[in-house]
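# Chain and residue survey
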Amino acid sequence: MINNVNFVPNVQLRAEIKNNIEEKNCPQQNDVENCNMQGTQALASYNMPLVKKDVAKGEKFADVYNECAANMPDRTSTVEEKTQVLSYIDRMLNCKDITPEAKNYWSNKKTIIKNEILAIQNSQNIGSDSDYNPLEKEFKAYAGKEWGKKVEFESEFDKIEYWFSYYKTCVSYADRILSSTNITPEKQEEYNSIREDMMHGVRTHGEYLSKKYCENRA
């Protein structure tokens, strides 16, 4: 279900992630791929109404916002473009005149873009791992950290976009682990199940994003 974003379907993985959190206190759908909101469309969501006035020192949120909108494409696709957007977001988050609402929005957007970069890098490295063990540890650390976050969202769209990026990154980890040369039959079965569960999240959340994206363009 769309609203049921907080689930880890694989029982073994859920237990391991839970332990990880307690210790630390911590698609293949082309239309969805093209509905990233890092560019001017996303920037428009938190434009001038959220900017405080008369801040004497430091960069102004509006100035960084306008610079990013002028220099970045509507939808980023490469690691280089996404990395550049992250640099703009860091500057926006450091502006003294950024409002709490905008700070929350762009903090979540930063996580989304970092997830997208990680998914791209995993996809590029499929078939390069001779040992699945280090990658499995990395995946479980990632999943535990993201699942343990307390995240607030300004809208349903923001929430779905956030968790879509999480599920997609999990799928990229599963693909990479499944392609490792020394994976055992037992682990192969486990990660095929994990991948199937995570792909359900990708499809479900992706359908919502595609629908909203098409509605916004209509």
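Residues numbered from 1 in each chain as written. Predicted model: local features only at pLDDT ≥ 70, side-chain atom pairs only at ≥ 80, totals over all residues. Heavy atoms only, no water.

### Considering the overall build of the protein chain
Just so we agree on the cut-off: A run of H or I in DSSP becomes a helix once it reaches four residues, and a run of E becomes a strand once it reaches two; helices and strands are each numbered from the N terminus. Partly exposed describes any residue whose relative accessible area lies between the buried limit of under 20% and the exposed limit of over 50%, with all areas from a 1.4 Å probe on protein chains only and scaled to the type maximum. Throughout, the Shrake-Rupley method with a 1.4 Å probe supplies accessible areas, and for residues the shown protein chains are the sole cover considered.
The secondary structure content of the protein chain amounts to 9 helices and 0 strands. Starting at the N terminus and walking to the C terminus, you meet the elements of the protein chain as α-α-α-α-α-α-α-α-α. Burial statistics for the protein chain: of 218 residues in total, 48% are counted as buried. Surface summary for the protein chain: the accessible area is close to 11,300 Å², and the carbon and sulfur share equals 47%.

### Considerations on helix H4 (residues 61-71)
Quick reminder: α-helices carry 3.6 residues per turn. Residues three or four places apart thus point the same way. Counted only if it meets this: The directions considered for the arc run from the helix axis to the C-beta atoms.
Taken together, the buried positions of H4 are Phe61, Ala62, Val64, Tyr65 and Cys68. All buried residues of H4 lie within an arc of 165° about the axis, which places them on one face of the element.

### Here we look at the packing of aromatic side chains
Two aromatic rings, taken as a pair, are described by how far apart their centres are and by the angle between their planes. Counted only if it meets this: When two rings of Phe, Tyr or Trp (its six-membered ring) have centres within 6.5 Å they constitute a pair, described as stacked for plane angles under 30 degrees, edge-to-face for angles over 60, and tilted for the intermediate range.
By the definition in use, this model includes 12 aromatic pairs. Summarising the aromatic geometry, the rings of Tyr142 and Tyr173 are spaced 5.7 Å apart at their centres and angled 40° between planes, so their arrangement reads as tilted. With Tyr142 in helix H7 (residues 132-147) and Tyr173 in helix H8 (residues 156-178), this residue pair connects regions lying 31 residues apart in the sequence. For the pair Tyr142 and Tyr173, a shared accessibility class is recorded, and that class is buried. An angle of 65° between the planes, with centres 5.1 Å apart, marks the rings of Trp147 and Trp163 as edge-to-face. Here the residue Trp147 occupies a position in helix H7, and Trp163 occupies one in helix H8, the gap between them amounting to 16 residues. Side by side, Trp147 and Trp163 carry an identical accessibility label, which is buried. Aromatic ring contacts, followed pair by pair, group Phe139, Tyr142, Trp147, Phe153, Tyr162, Trp163, Tyr166, Tyr167, Tyr173 and Tyr191 into a single cluster.

### Comments concerning the pattern of salt bridges
Stated precisely, the cut-off is as follows: Whenever Lys or Arg places a side-chain nitrogen within 4 Å of a carboxyl oxygen from Asp or Glu, that contact is recorded as a salt bridge.
Scanning all chains against the criterion turns up 12 salt bridges. Among the salt bridges present, the one from Lys149 reaches Glu146, with a minimum N-O distance of 3.4 Å. Residue Glu146 is classed as buried on the basis of its relative accessible area of 7%. Through salt bridges with shared partners, a single ionic network connects Glu136, Lys140, Lys187 and Glu190.

### Here we look at the packing of helix H5 (residues 79-93) against helix H6 (residues 100-124)
Selection criterion: The axes used here are C-alpha line fits, helices contributing only the stretch in contact, and every angle between their N-to-C directions lies in the interval 0 to 180 degrees. Each angle receives one of four descriptions, namely roughly parallel if under 35 degrees, roughly antiparallel if over 145, roughly perpendicular if within 65 to 115, and oblique otherwise. Each crossing is labelled by how the near helix is turned from the far one, with a counterclockwise turn of less than a right angle marking it left-handed and a clockwise turn marking it right-handed. Whether two residues are in contact is decided by their heavy atoms: any pair within 4.5 Å suffices. We call Asp, Glu, Lys and Arg charged. Ala, Val, Leu, Ile, Met, Phe, Trp, Tyr, Cys and Pro are nonpolar, and the rest, Gly among them, are polar.
For the pair H5 and H6, the least separation of the axes is 10 Å and the interaxial angle reads 160°. In terms of their interaxial angle, H5 and H6 are classed as roughly antiparallel. For H5 against H6, the interelement crossing comes out left-handed. Residues Val79, Lys82, Thr83, Val85, Leu86, Ile89, Asp90, Met92 and Leu93 of H5 pack against Lys103, Trp106, Ser107, Lys109, Lys110, Ile113, Lys114, Glu116, Ile117 and Ile120 of H6. Residues belonging to the contact of H5 with H6 are distributed by class as follows: 10 nonpolar, 2 polar and 7 charged.

### Looking at the nonpolar core
Quick note on the threshold: Working definition of a nonpolar core: buried Ala, Val, Leu, Ile, Met, Phe, Trp, Tyr and Cys residues. They are joined through side-chain atoms within 4.5 Å.
Counting residues in hydrophobic clusters, the biggest one holds 29 residues, and the most contacted among them are Phe139, Tyr166, Tyr167, Ile177 and Tyr191. For this core, the leading source of residues is H8, giving 13 residues. Other than its neighbours up to four places away in sequence, Tyr166 contacts Asn115, Tyr142, Ala143, Glu146 and Trp147.

### Side note on H7
The line we're drawing: How far a helix is expected to stretch is found by multiplying one less than its residue total by 1.5 Å.
Across its 16 residues, H7 extends 22 Å between first and last C-alpha, which sits within 8% of the 22 Å expected from 1.5 Å per residue. The complete set of buried residues in H7 reads Tyr132, Leu135, Glu136, Phe139, Lys140, Tyr142, Ala143, Gly144, Glu146 and Trp147.

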